[in-house]
Amino acid sequence: MHNTESLNAKMPKACFLLFFAHGLVFSSWASRIPIIKDALSINEAELGTLLLLMPIGQISTMVLAGKLISMYGSSWIIKRCFLLYPMFLLLIGLAPSYWVLAAVLFFFGVSGNLCNIAINTQAIEIEGITKTTLLSSCHGAWCFAGLVGAVVGLLMINLGVGTFYHFIVAFALVFLLWLYSKAHLTNIIHKVAPQRQSIFKSVNPTLVALGIIGFLSMAIEGAMFDWSGVYFQTIVKAPEKLVIVGYTSFILMMTLGRFVGNRVIEKYGKRLVLQMCGILMSTGLFLSVFFPELWVCIIAFMIIGLGSSLSVPSVYSTVGKVSTVAPSIALSFVSSISFLGFLMGPPLIGYIAESFDLRYSYGLFACFGILLSVMAGQMKVFQHKN
């Protein structure tokens, strides 16, 4: 009995650390995008194409990940596949050309999505065991890792540390976090009847709508993660050492929002929270478009971060309440569609920026926040506090 209680106490911490490790891998890559772009002489359209390969890899694993988790459990993937994600980060740091980088980014997307679905499923399962709210704080851990990654990236850049050596440090830290966490995971296997039809035909319209809301929110998140440095570099004309400040201000507010998110959602309900999230994201993006000054954009990016903080945790925590298929498969569907926005948003920005201007890209994404707010207000699943 004592051993069981001890394990249950360690599971949330282990899951928290895995989210942190996953976020650290992505933020390490994001913090180096402007430098990699310059080092390989990549223009904005080419960068958009590169970033498109990550969602292609993500799509290719959506069905597989859900089935593997339902058959073997989320911890099975975490224990066997999690380190693939930081391994491909190392290969990014070694890529000598555009085409090699393109191939590596595809598999970076594959491994990242497998880990993303597995750790989110693990968090939901631990919530059921411990009877605690965990998902929002876990997503807060992912954001906090983004903040840490930004600070470490800023430090490495100013110390003149090369990209590959920066990524070695990230890999070592992720390995230690994984080594501790993998011993404290639950291994729930959902016994379900074999799927006789496509997963896409098995989900209900509510799950599709949740996926779209997640897509819109994470498209804006992806735009901020991958393009905030470039925006401060090319539009705001910030000094070189302050280019990363936009990203840092965004991720700081996003992290703070997620750590207090559970209380906010319980008090005001998911409907109002999601509507406000959409409004805040749109407001911040429009501010950065119309007033591209350093201090205005820092404040604008903080507003975007606050708006982005609670939308995805609200969506993910709703999935189990409306699912007509196995929980792992439903979460795989919604989280994959959502994460698709995170990965497809940045390439879209690149194409628009190459043809017009980066400010036009951010203006379009501001409309995503408005659409998100409207959709959240119309969905019956959000009519009551839940």
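First things first, this report covers the structure right here in the doc. (Residues numbered from 1 in each chain as written. Predicted model: local features only at pLDDT ≥ 70, side-chain atom pairs only at ≥ 80, totals over all residues. Heavy atoms only, no water.)

### Points about the environment of tyrosine 360
Counting through the fold element by element, tyrosine 360 comes out in helix H17 (residues 358-378). For tyrosine 360, a relative accessible area of 57% translates into the label exposed. With 71 residues separating them in the primary sequence, tyrosine 360 and valine 289 have C-alpha atoms 7.7 Å apart. (Helix = DSSP H or I, 4+ residues; strand = E, 2+ residues; numbered from the N terminus. Buried < 20%, exposed > 50% of the residue type's maximum accessible area, 1.4 Å probe, protein only.)

### Structural notes on the environment of phenylalanine 215
Looking at where phenylalanine 215 falls in the secondary structure, it is placed in helix H10 (residues 205-234). As for phenylalanine 215 and phenylalanine 339, which are separated by 124 residues in sequence, their C-alpha atoms are 6.5 Å apart. Ignoring sequence-local partners within four residues, the contact set of phenylalanine 215 consists of Ile337, Ser338, Leu340 and Gly341. (Contact = heavy atoms within 4.5 Å.)

### Topic: the pattern of salt bridges
Per the stated rule, a full pass over the model turns up 1 salt bridge. Between arginine 258 and glutamate 221 there is a salt bridge; the shortest N-O distance is 3.3 Å. Pair noted here: arginine 258 is in helix H11 (residues 245-259) and glutamate 221 is in helix H10, with a separation of 37 residues, a long-range link. Of the two residues, arginine 258 and glutamate 221, neither departs from the other in class, the shared state being buried. (Salt bridge = Lys/Arg side-chain N within 4 Å of Asp/Glu carboxyl O.)

### Observations concerning unusual backbone geometry
A positive phi angle is found at serine 41, which is not glycine, with a value near 55°. With respect to the helices, strands and loops of the structure, serine 41 is situated in the loop between helix H1 (2-39) and helix H2 (44-60). Its identity as a non-glycine residue notwithstanding, lysine 237 has a phi of 60°, on the positive side. When you line up the elements, lysine 237 lands in the loop between H10 and H11.

### A closer look at the side chain of serine 28
Here serine 28 lies in helix H1. Excluding residues that lie within four positions of it along the chain, serine 28 makes contacts with Leu89, His166, Phe167 and Ala170.

### Points about the packing of helix H5 (residues 84-94) against helix H8 (residues 163-181)
Remark: H5 packs on H8, axes separated minimally by 8 Å, with the N-to-C direction vectors making an angle of 170°. In terms of their interaxial angle, H5 and H8 are classed as roughly antiparallel. Touching Pro86, Met87, Leu89, Leu90, Ile92, Gly93 and Leu94 of H5 are Thr163, Phe164, Phe167, Ile168, Ala170, Phe171 and Val174, all from H8. Classifying every residue of the contact of H5 with H8 gives 12 nonpolar, 2 polar and no charged. (Axes fitted to C-alpha atoms, helices over the stretch in contact; angles between N-to-C directions. Parallel < 35°, antiparallel > 145°, perpendicular 65-115°, else oblique. Nonpolar A, V, L, I, M, F, W, Y, C, P; charged D, E, K, R; others polar.)

### Observations regarding the nonpolar core
The biggest cluster of nonpolar side chains holds 124 residues, and the ones touching the most others in it are Trp29 and Phe108. What phenylalanine 108 contacts, discounting residues up to four positions off in sequence, is Val25, Trp29, Met54, Tyr85, Phe88, Leu89 and Ile92. (Core = buried A, V, L, I, M, F, W, Y, C linked by side-chain atoms within 4.5 Å.)

### Description of the packing of aromatic side chains
All chains considered together, the criterion is met by 18 aromatic pairs. Look at phenylalanine 20 and phenylalanine 144: their rings are 5.9 Å apart centre to centre, the planes differ by 45°, and that puts the pair in the tilted class. Of this pair, phenylalanine 20 sits in helix H1 while phenylalanine 144 sits in helix H7 (residues 135-158); the two residues are 124 residues apart in sequence, bridging distant segments of the chain. Relative to phenylalanine 107, the ring of phenylalanine 88 has its centre 5.8 Å away and its plane inclined at 15°; by these criteria the two rings are stacked. Residue phenylalanine 88 is located in helix H5, and its partner phenylalanine 107 is located in helix H6 (residues 98-130); the two are separated by 19 residues in the primary sequence. Site record: aromatic cluster; members linked through ring pairs are Tyr231, Phe232, Phe301 and Tyr362. (Phe/Tyr/Trp six-rings, centres within 6.5 Å; stacked < 30°, edge-to-face > 60°.)

### As for helix H4 (residues 74-81)
Restricting attention to buried positions, one finds in H4 the residues Ser74, Ser75, Ile77, Ile78 and Cys81. All buried residues of H4 project into a common sector of 165° when viewed along the axis, lining one side. (Arc of directions from axis to C-beta.)

### Description of the packing of H10 against helix H14 (residues 294-308)
Where H10 contacts H14, the two axes come as close as 11 Å, and the packing angle between them is 165°. By the angle between their axes, H10 is roughly antiparallel relative to H14. For H10 against H14, the interelement crossing comes out left-handed. Across the interface between the two elements, Ile220, Glu221, Met224, Ser228, Tyr231 and Phe232 from H10 touch Leu294, Cys297, Ile298, Phe301, Ile304 and Ser308 from H14. (Left-handed = near helix turned anticlockwise from the far one by under 90°.)

### Some points on H2
For H2, with 17 residues, the first-to-last C-alpha span of 25 Å sits near the 24 Å given by 1.5 Å per residue. A distance of 2.7 Å separates the backbone nitrogen of glutamate 46 from a side-chain oxygen at the start of H2, and that oxygen is part of asparagine 43. (Expected span 1.5 Å × (residues − 1). Polar contact = N/O pair within 3.5 Å; in protein donor to acceptor, adjacent residues only side chain to side chain.)

### Looking at a nonpolar patch on the surface
A grouping of Tyr268, Leu272, Met276 and Ile279 is seen on the molecular surface, where their side chains present a nonpolar patch of about 370 Å² in accessible area. Among the elements that make up the nonpolar patch, the one with the highest residue count is helix H13 (residues 270-290) (3 residues). Mapping isoleucine 279 onto the fold places it in helix H13. With a relative accessible area of 42%, isoleucine 279 lands in the partly exposed category. (Patch = residues over 30% accessible without salt bridge, like charges linked within 9 Å, V, L, I, M, F, W, Y side chains within 5 Å. Areas by Shrake-Rupley, 256 points an atom, 1.4 Å probe, with all protein chains shown as cover.)

### Quick look at the environment of serine 308
Along the chain, serine 308 turns up in helix H14. Sequence separation of serine 308 and isoleucine 220 is 88 residues, and the distance between their C-alpha atoms is 7.9 Å. Among all residues touching serine 308, those that are not within four sequence positions of it are Ile220, Glu221, Phe250, Met254, Arg258 and Met281.

Functional significance is not addressed by these values, which are geometric in nature.
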